[in-house]
Amino acid sequence: MASQRVIEFSRVTLSRLAAAVIFAVLAFAPVAAQAATAPRAYAGIVVDAKSGKVLYESDADEYRYPASVTKVMTTFLAFELIGEGKLKPGQVFTVSHDAFREWARKGSSMYLADGQRVTVDQLLHGITTVSANDGCVVLAMGAAGSVDKWVALMNAKAREIGMTDSHFGTPNGWMDDGRTYVSARDLFRLSRAMIARHPELYHRYIGHPNFSFNGIEQANHDPMIGKVLGADGIKTGYTRQAGYNYLGSAMRDGRRLVMVLAGTDRPAVRARAARAYMEWGFTHFATRKLFPAGKPIARAEVQDGAVTSVPLVAASPVVLSLEHGTNPDISLTIRYKGPLKAPFRAGAEVAEMEISIAGQPPFRTPLVTGESVTRANWWQRLRNGLTGLFA
C-alpha cells in the first residue's frame, strides 16, 4: 500500500548539496523573501521566473483591476489556440458592423475600419504593441464566435494554469463594474505559462517598440523597452479604477525576472518604479544552480516493477536566487506516495521537493521519474520478493 515517504537532507551549504544524491520530492508554491534594500514599496511582485523564487511582494494576492493587462490573457489564449492548430496567424477575420460601432477609436485602438478584413497576425501585433481594444473584440468574435464565448475560454484557461484569484469579464480590460479582477501573483503565473509554453510566439509578438497599421504608426508605451537592458515587455494598463499597472519582464545572461506593479497614480511613477525593481532584482540577487535537469536527486521505491527503485530528477534545472556574496545553509525535504506502482514512463511527476534557505521561507519544485519502469516478469517478482524478505 502506498504511503507518504519523507526524506530530509538538512543544513548543508550549496557547494556540498550540489554534489549529493538523496532520497526525497514537489509542485510549485514559491514564498517571498523580501530584502531590506528593495525599492519603495508598491503593490505587486518580483519573481525569478526560472526558479519561481519571489524576490519581493506586497499585497500580491489582493484583487486588483487589471485594465489593459487583461489583454495578456487574450494573447495567451490566442497562443494556446495557435499551438493546438485551432487558430492560424494568417487566418482572416472581418470587422463586423457591431464591433466597429461599439469599439471604433474607443480607448487604445488600432483604427480598424468597418468591414475591414484583418489577419490574426495583425490583430495580435495590435493587441500586444498598441493595446488595441478593437483588435481584442474582433479577435474574440472571429476565433470564438462571440465575445462571451471567448471570455468563457479565458476563464477556463485561467483555471487551468492556476489563476485562483482572477476572473475575466472582457477580452480587453475595459471597465465592467468589477467583473474583471486579478492578483499580482496570478499575473506572474500567466506570464510564466505564456513564456514557457510559447517562447517563439512570445518573441514574435511581445516587446516591439511600435506598430503601423492603416497608415497610422503608434508607439508602445512599455516603460522598460529600450531603457532597461534585456527588457521585452509585457503589458501596461490604465483605467481610472485601476490606476497605472504593469506586467513586465527582462532577461539577462539566461536569467528572466517578471514584475507586476499595481495601482500607481501616474505613468511616470510606474516607469520609475518598474525600472528600479528590475535593476534591484538583477543586481541584488544572483542565480545559482542547485541541480541540473535530469540529474538524480533521490531514488523512489518501486512496487511490482522490473527494478526496485527509480531515480527522481528535475525536469528542468533547479536554481536558487541568492543574495550576492552569500552561501547559506540549505535544507531539502522530499515527499512522495510510495512505493510507486509499475509500470510508468520516464517523466511522470510523482514527488515534491521543498527547499529551505536559511533566513528565507521555503519554496517547492516538482520531481519526475528519471526512467521508465515496466511491470516485473516472474523472475523479477521472485527476485523482488527475496530482496524484500532479506531487507
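Residues numbered from 1 in each chain as written. Predicted model: local features only at pLDDT ≥ 70, side-chain atom pairs only at ≥ 80, totals over all residues. Heavy atoms only, no water.

1. Some words on the overall build of the protein
From N to C terminus, the protein includes 10 helices and 18 strands. Considering the protein as a whole, with its 391 residues, one finds that 53% of them fall into the buried category. Summing over all exposed atoms, the protein offers an accessible surface of approximately 17,400 Å²; the carbon and sulfur share of this is 52%. (Helix = DSSP H or I, 4+ residues; strand = E, 2+ residues; numbered from the N terminus. Buried < 20%, exposed > 50% of the residue type's maximum accessible area, 1.4 Å probe, protein only. Areas by Shrake-Rupley, 256 points an atom, 1.4 Å probe, with all protein chains shown as cover.)

2. Topic: unusual backbone geometry
Cis geometry is adopted by the peptide bond preceding Pro343, which originates at Ala342 and carries an omega value of 5°. Relative to the helices and strands, Pro343 resides in the loop between strand 16 (340–341) and strand 17 (349–357). Its identity is not glycine, yet Asp177 carries a phi of approximately 60°, on the positive side. Residue classification places Asp177 among the exposed positions, given a relative accessible area of 78%. You will see that Asp253, though not glycine, has its phi angle at about 50°, which is positive. For Asp253, the position within the fold is in the loop between strand 9 (243–252) and strand 10 (255–264). Note on Asp253: relative accessible area 86%, which makes it exposed.

3. So, the pattern of salt bridges
In a structure, side chains of opposite charge can pair up when their charged atoms sit close to one another. Taken as a whole and judged by the stated rule, the model has 17 salt bridges. Taking the shortest distance from any N to any O, the salt bridge between Asp59 and Arg64 comes out at 4.0 Å. Overall, Arg64 belongs to the partly exposed group, its relative accessible area being 25%. One salt bridge in this structure joins Asp304 and Lys341, with 2.4 Å as the shortest N-O distance. With Asp304 in the loop between strand 12 (296–303) and strand 13 (309–313) and Lys341 in strand 16, this pair connects stretches of sequence that are 37 residues apart. Several salt bridges share partner residues, and in doing so they unite Glu80, Lys157, Glu160 and Arg197 into one network. (Salt bridge = Lys/Arg side-chain N within 4 Å of Asp/Glu carboxyl O.)

4. Quick look at the sheet that holds strand 3 (residues 54–58)
Here five strands make up an open sheet; going across it, the order is 3-2-10-9-8 and the pairing antiparallel. A strand with exactly one partner marks an edge of an open sheet, and here the two such strands are strand 3 and strand 8 (231–239). Within this sheet the neighbouring strands show an average axis-to-axis angle of 5°, counted without direction. Of the strand pairs in this sheet, strand 2 (residues 44–48) and strand 10 are connected by five bridges, and their pairing is antiparallel. Bridge assignment links Ile45 to a residue of strand 10, and that residue is Val260. Of the strands in this sheet, strand 2, strand 3, strand 8, strand 9 and strand 10 touch helix 9 (residues 267–284), which is tilted by about 150° from strand 10. (Pairing = 2+ DSSP bridges. Axes fitted to C-alpha atoms, helices over the stretch in contact; angles between N-to-C directions. Contact = heavy atoms within 4.5 Å.)

5. Here's the deal with the packing of helix 5 (residues 133–144) against helix 6 (residues 147–160)
Where helix 5 meets helix 6, the closest approach of the two axes is 8 Å, and the angle between their N-to-C directions is 90°. Taken together, the axes of helix 5 and helix 6 lie roughly perpendicular to each other. Where helix 5 abuts helix 6, its residues Val137, Leu139, Ala140, Met141, Ala143 and Ala144 lie against Val147, Lys149, Trp150 and Leu153. The residue makeup of the contact of helix 5 with helix 6, split by class, is nine nonpolar, no polar and one charged. (Parallel < 35°, antiparallel > 145°, perpendicular 65-115°, else oblique. Nonpolar A, V, L, I, M, F, W, Y, C, P; charged D, E, K, R; others polar.)

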